[in-house]
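Okay, here's what each chain looks like letter by letter:
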Amino acid sequence: MGMGNYDQREYERRERTISEIESDSDDQPNEYQGKITFDDGSSTSELLENLQKIKSNES
């Protein structure tokens, strides 16, 4: 069989493999748990002060 020839068995094998991977994959859970909060009440100067505090604690 030359390059580019259609091989039904190979196609079916690949499709089965792909569907098994997709159905058995735990990489992407259906549910996400956690909490997200946004605090947009801070001024720019407060944010910069917090950044400086964080940077000083890292070193």
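It should be noted that the structure appears before, not after, this text.
None of the values given here were measured: they were computed from a predicted structure.

1. Focus: the overall build of the chain
Point 1. The secondary structure content of the chain amounts to 2 helices and 0 strands.
Point 2. Looking at the chain as a whole, 0% of its 59 residues qualify as buried.
Point 3. A total of about 6400 Å² of accessible surface is found on the chain, and carbon and sulfur atoms cover 48% of it.

2. What to know about the pattern of salt bridges
Point 1. What the rule picks out here adds up to 2 salt bridges.
Point 2. Arg14 is paired through a salt bridge with Glu10; the nearest N and O atoms lie 2.7 Å apart. Taken together, the residues Arg14 and Glu10, both in helix 1 (residues 8-24) and 4 residues apart, mark about one turn of the helix.
Point 3. According to the relative accessible area criterion, Glu10 is partly exposed, its value standing at 25%.
Point 4. Several salt bridges share partner residues, and in doing so they unite Glu10, Arg13 and Arg14 into one network.

3. Some thoughts on a negative patch on the surface
Point 1. Residues Asp39, Asp40, Glu46 and Glu49 make up a contiguous surface patch of negative charge.
Point 2. If you trace the backbone, Glu49 turns up in helix 2 (residues 44-58).

What counts as what
Residues numbered from 1 in each chain as written. Predicted model: local features only at pLDDT ≥ 70, side-chain atom pairs only at ≥ 80, totals over all residues. Heavy atoms only, no water. Helix = DSSP H or I, 4+ residues; strand = E, 2+ residues; numbered from the N terminus. Buried < 20%, exposed > 50% of the residue type's maximum accessible area, 1.4 Å probe, protein only. Areas by Shrake-Rupley, 256 points an atom, 1.4 Å probe, with all protein chains shown as cover. Salt bridge = Lys/Arg side-chain N within 4 Å of Asp/Glu carboxyl O. Patch = residues over 30% accessible without salt bridge, like charges linked within 9 Å, V, L, I, M, F, W, Y side chains within 5 Å. Lys, Arg positive; Asp, Glu negative; His and termini not counted. Charge placed at Lys NZ, Arg CZ, Asp CG, Glu CD.

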